[in-house]
Amino acid sequence: MAFVPKVQAFSAHINAVTLGTGDNSIVLGGGNTLPFYTFDAPTENAPKVGIEVSDLGLENFQAPGFKEFYAGCNTMAEMAKKAETVEGASFIALSFEGADPNGHNKSVEECVAQAKEVAAVVTKPLVVLGCKNAEKDAALLGALAEALQGKNALFLSATEEDYKSISASVAMAYSQKVGAESAVDINLAKQLNVLISQMGVPAGSVVMNVGSAGAGYGFEYVSSTLDRVKAAALAQNDNMLQMPIITPISTETWGLKESIMPESEMPEWGPAEERGIEMEITTAAACLAGGSDAVILAHPASIAAITKMIDALV
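None of the values given here were measured: they were computed from a predicted structure.

About the cut-offs
- Sequence order as written defines residue numbering, which begins from 1 separately in each chain.
- Predicted model: local features are reported for residues with pLDDT of at least 70 only, side-chain atom pairs are reported and counted for 80 or more only, and whole-chain, interface and lining totals are derived from all residues.
- Hydrogen atoms and water are omitted, and side-chain values are computed over all heavy atoms in the structure.
- Two kinds of site are reported from a 1 Å grid over the protein atoms alone, namely cavities, where a 1.4 Å probe fits but cannot get out, and pockets, open sets with protein on both sides within 12 Å along at least five of seven lines, and residues are called lining when an atom falls within 4 Å of a point.
- Grid points are joined across faces, edges and corners, and a volume is the space filled by probe spheres set on the points.
- Runs of H or I in DSSP of at least four residues are treated as helices and runs of E of at least two as strands, each being numbered from the N terminus.
- Residues were grouped as follows: Ala, Val, Leu, Ile, Met, Phe, Trp, Tyr, Cys and Pro as nonpolar; Asp, Glu, Lys and Arg as charged; and all remaining residues, including Gly, as polar.
- Aromatic contacts are taken between Phe, Tyr and Trp rings whose centres are within 6.5 Å, Trp giving its six-membered ring; a plane angle under 30 degrees counts as stacked, one over 60 as edge-to-face, and the others as tilted.
- Burial here depends on accessible area, computed with a 1.4 Å probe over protein chains only, as a share of the maximum for the residue type. Under 20% is buried, over 50% is exposed, and the range in between is partly exposed.
- Two conditions define a charge located above a ring, namely a distance within 6 Å from the ring centre to NZ of Lys or CZ of Arg, and an angle within 35 degrees of the ring normal.
- Two residues qualify as a contact provided that any one of their heavy atoms is within 4.5 Å of a heavy atom in the partner residue.
- Multiply 1.5 Å by the residue count of a helix minus one, and that product is the helix's expected span.
- Think of it as the arc spanned by the lines of direction from the helix axis to the C-beta atoms.

Turning our eyes to something else, we now look at the layout of surface pockets. Put simply, the largest pocket is a space of about 590 Å³. Lining the largest pocket are 35 residues, with Leu 129, Gly 130, Cys 131, Lys 132 and Thr 251 positioned closest to its centre. Within the residue set of the lining of the largest pocket, elements represented by two or more residues are helix 4 (134–147), strand 6 (154–158) and helix 8 (250–253). It is helix 8 that contributes the most residues to the lining of the largest pocket, 3 residues altogether. Along the lines of polarity and charge, the residues of the lining of the largest pocket split into 10 nonpolar, 16 polar and 9 charged.

Let us now look at the packing of aromatic side chains. Two measures describe an aromatic ring pair: the distance that separates the ring centres and the angle between the ring planes. Here the structure, examined in full by the defined rule, presents 4 aromatic pairs. Taken together, a centroid distance of 4.9 Å and an interplanar angle of 40° make the contact between Tyr 37 and Phe 39 tilted. The exposure class of Tyr 37 is partly exposed, given its relative accessible area of 32%. Taking the centre distance of 5.1 Å and the plane angle of 50° together, the rings of Phe 61 and Phe 66 count as tilted. Accessibility classification places Phe 61 together with Phe 66 in one group, the buried group. The aromatic ring of Phe 69 is capped on one face by Lys 82, whose charged end is 5.0 Å from the ring centroid.

Time to look at the environment of Ile 296. Here Ile 296 is to be found in strand 10 (residues 294–297). On the basis of relative accessibility, which here comes to 0%, the residue Ile 296 falls in the buried class. C-alpha of Ile 296 to C-alpha of Lys 48: the two residues are 248 residues apart in sequence and 8.7 Å apart in space. With residues up to four places along the chain from it excluded, the contact list for Ile 296 reads Gly 50, Glu 52, Phe 91, Ala 93, Val 127, Leu 129, Leu 156, Ile 246, Thr 247, Pro 248, Ile 249 and Ser 250.

This part covers helix 3 (residues 108–121). Helix length check: helix 3, at 14 residues, gives a terminal C-alpha distance of 21 Å against a target of 20 Å (1.5 Å per residue), a fit within 8%. Of all the positions in helix 3, only Val 108, Cys 111, Val 112, Gln 114, Ala 115, Val 118 and Ala 119 are classed as buried. Buried residues of helix 3, viewed axially, fall in a sector of 160°; they line one side. Turned more than 90 degrees away from the buried face of helix 3, the exposed residues are Glu 109 and Ala 120. Buried residues belonging to helix 3 abut helix 2 (76–83), strand 4 (91–95), strand 5 (126–129) and helix 4.

In structure tokens, the structure reads:
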């Protein structure tokens, strides 16, 4: 008797959210199967990989591979233009961590000038990350949304503390996409999506960042949250959890001891850069398997490996 596989394609769908414009636009989400379950139904839109570029240059990315790749790049715009050449990178993620009042405390005006310079030289869609300070991000992301009008960019992130101001300025005033960031909890993720929708932001303009951690650093909480969100969205048709998921990986992995501990201090661990790449790849692969529709990486070697994995699975 021949084996007949049982197909489980859900009637519910993950929202399809478009970033960028024209021929260079990309679509996150849109599927109705669990991650990489291509035996149930064809993948609507393959997961996307972005490459992070920081306004601080390589201050937080000291591995030799970064310095070699970005050799000769002296500005954020030059780095973004170079990053755009990485095969497999579908979008550019601009991190404005330098605006943090507890760090470099760069002005909003300086960040806006950098963003405009980047937008003038790149063609791929943009994802914008703030500085993780709610008060500063409320002003920063709104100003950046205005500066990048017409780019159909995604802005990370609106949190419980600042979702009102960010939703109003980013999505409602300038028709950009909003990233809803919660802290590895399905109930918090859903609550924030509900609050943002009550502001009048269409579901098709929202992407979730449900949180992450480097593999091995409490990642079981991330894994279970991703699984529960995807199951609720598809099996239970919960429309407040049907937003596609984007997960910043580079910010979670390149500061870990496994990634930065010098080989001279821990020779049995091997070269630090290889460890950093492996941590980034492992974390990204786990997030994609759990349900992320896009991941943000930093090292070109990591992007190559994850792109190869995605291509093989879809």
